[in-house]
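# Report on the structure
Below, each chain spelled out in residue letters.
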Amino acid sequence: MSLDQNAINNIAISLSRHFESVYYVDVNSWGFTEVMNSSMLLNLNLPKEGEDFLALARNNAHLFVHPDDLQDVLNYHDKNFLLKNLQKETYCFTICRVIINEKIIHVRHVCIM
């Protein structure tokens, strides 16, 4: 059975609802476009598109990542680290705590090739 593009889009939209945000990131340029963002993250005022997703993540991590998890998050958002791990597997992830509206929330940050 072959799925048409509409069916694939519906599946992707359904799956994206399990995440607080979804970005498309070009691994050649690291340019990015926001595909979906939950209301929980609106107060962070993150750009919806840009030229370097990893720089954005590293430069803003201190604003919402729990201090005890900050270095791990910074290490994860390293170009060489991600490319090396994505060559071995089709995805990689890290789990960390973020602080939003004075609440600590555990999140999993997933990169999928």
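Throughout what follows, the structure given in this document is the object of discussion. Small disclaimer: the values here were computed from a predicted structure and weren't measured. (Residues numbered from 1 in each chain as written. Predicted model: local features only at pLDDT ≥ 70, side-chain atom pairs only at ≥ 80, totals over all residues. Heavy atoms only, no water.)

## Focus on the nonpolar core
- Judged by nonpolar contacts, Y23, W30, F32, F53, L54, L56, Y76, L82, L86, C92 and C111 together constitute the single largest core of eleven residues.
- If one sorts the elements of this core by residue count, helix α2 (residues 53–64) sits on top with three residues.
- Setting aside residues up to four positions removed in sequence, F32 forms contacts with Y23, Y24, V25, P47, K48, E49, G50, E51, D52, F53 and L56.
- Counting nine residues, the second largest nonpolar core, distinct from the first, contains V65, L74, V98 and I100. (Core = buried A, V, L, I, M, F, W, Y, C linked by side-chain atoms within 4.5 Å. Buried < 20%, exposed > 50% of the residue type's maximum accessible area, 1.4 Å probe, protein only. Helix = DSSP H or I, 4+ residues; strand = E, 2+ residues; numbered from the N terminus. Contact = heavy atoms within 4.5 Å.)

## Here we look at the packing of aromatic side chains
- Across all of its chains, the model carries five aromatic pairs by this definition.
- Considering the side-chain rings of F32 and F53, the 5.5 Å spacing of their centres and the 70° angle between planes classify their relative orientation as edge-to-face. Residue F32 is found in strand β2 (residues 32–37), and its partner F53 is found in helix α2; the two are separated by 21 residues along the sequence. Summarising the burial analysis for this pair, F32 and F53 share the class buried.
- Against the face of F93 rests R108, its NZ or CZ located 5.6 Å from the ring centre. (Phe/Tyr/Trp six-rings, centres within 6.5 Å; stacked < 30°, edge-to-face > 60°. Lys NZ or Arg CZ within 6 Å of the ring centre and 35° of its normal.)

## Observations regarding the side chain of T94
- Relative to the helices and strands, T94 resides in strand β4 (residues 91–100).
- Accessibility expressed as a relative area gives 14% for T94, which makes it buried.
- With residues near it in sequence (within four places) discarded, T94 still touches Y76, V107, R108 and H109.

## A closer look at the pattern of salt bridges
- All chains considered together, the criterion is met by two salt bridges.
- K48 is paired through a salt bridge with E34; the nearest N and O atoms lie 3.1 Å apart. Residue K48 is found in the loop between β2 and β3 (49–50), and its partner E34 is found in strand β2; the two are separated by 14 residues along the sequence.
- What makes K48 exposed here is its relative accessible area of 53%.
- Two residues, R97 and D69, come together in a salt bridge whose shortest N-O distance is 2.8 Å. Here D69 lies in the loop between α2 and α3 (70–76) and R97 lies in strand β4, a separation of 28 residues in the sequence.
- Among the residues examined, D69 registers a relative accessible area of 12% and is labelled buried. (Salt bridge = Lys/Arg side-chain N within 4 Å of Asp/Glu carboxyl O.)

## Focus on the sheet that holds strand β1 (residues 21–25)
- Taken together, three strands build an open sheet; the order of strands is β1-β2-β3 and the sheet is antiparallel. Each edge of the sheet is formed by a strand with only one pairing partner; in this case those strands are β1 and β3.
- Alignment of β1 against β2, held across five bridges, turns out to be antiparallel. Each bridged residue has a counterpart across the sheet, and for Y24 the counterpart in β2 is T33. (Pairing = 2+ DSSP bridges.)

## Things to note about helix α4 (residues 79–88)
- Restricting attention to buried positions, one finds in α4 the residues L82, N85 and L86. Viewed end-on, α4 has its buried residues packed into an arc of 100°, placing them on one side of the element. Exposed and facing more than 90 degrees away from the buried side of α4 are N80, K84, Q87 and K88.
- Contact partners of the buried residues in α4: α2, α3, β4 and β5 (103–112). (Arc of directions from axis to C-beta.)

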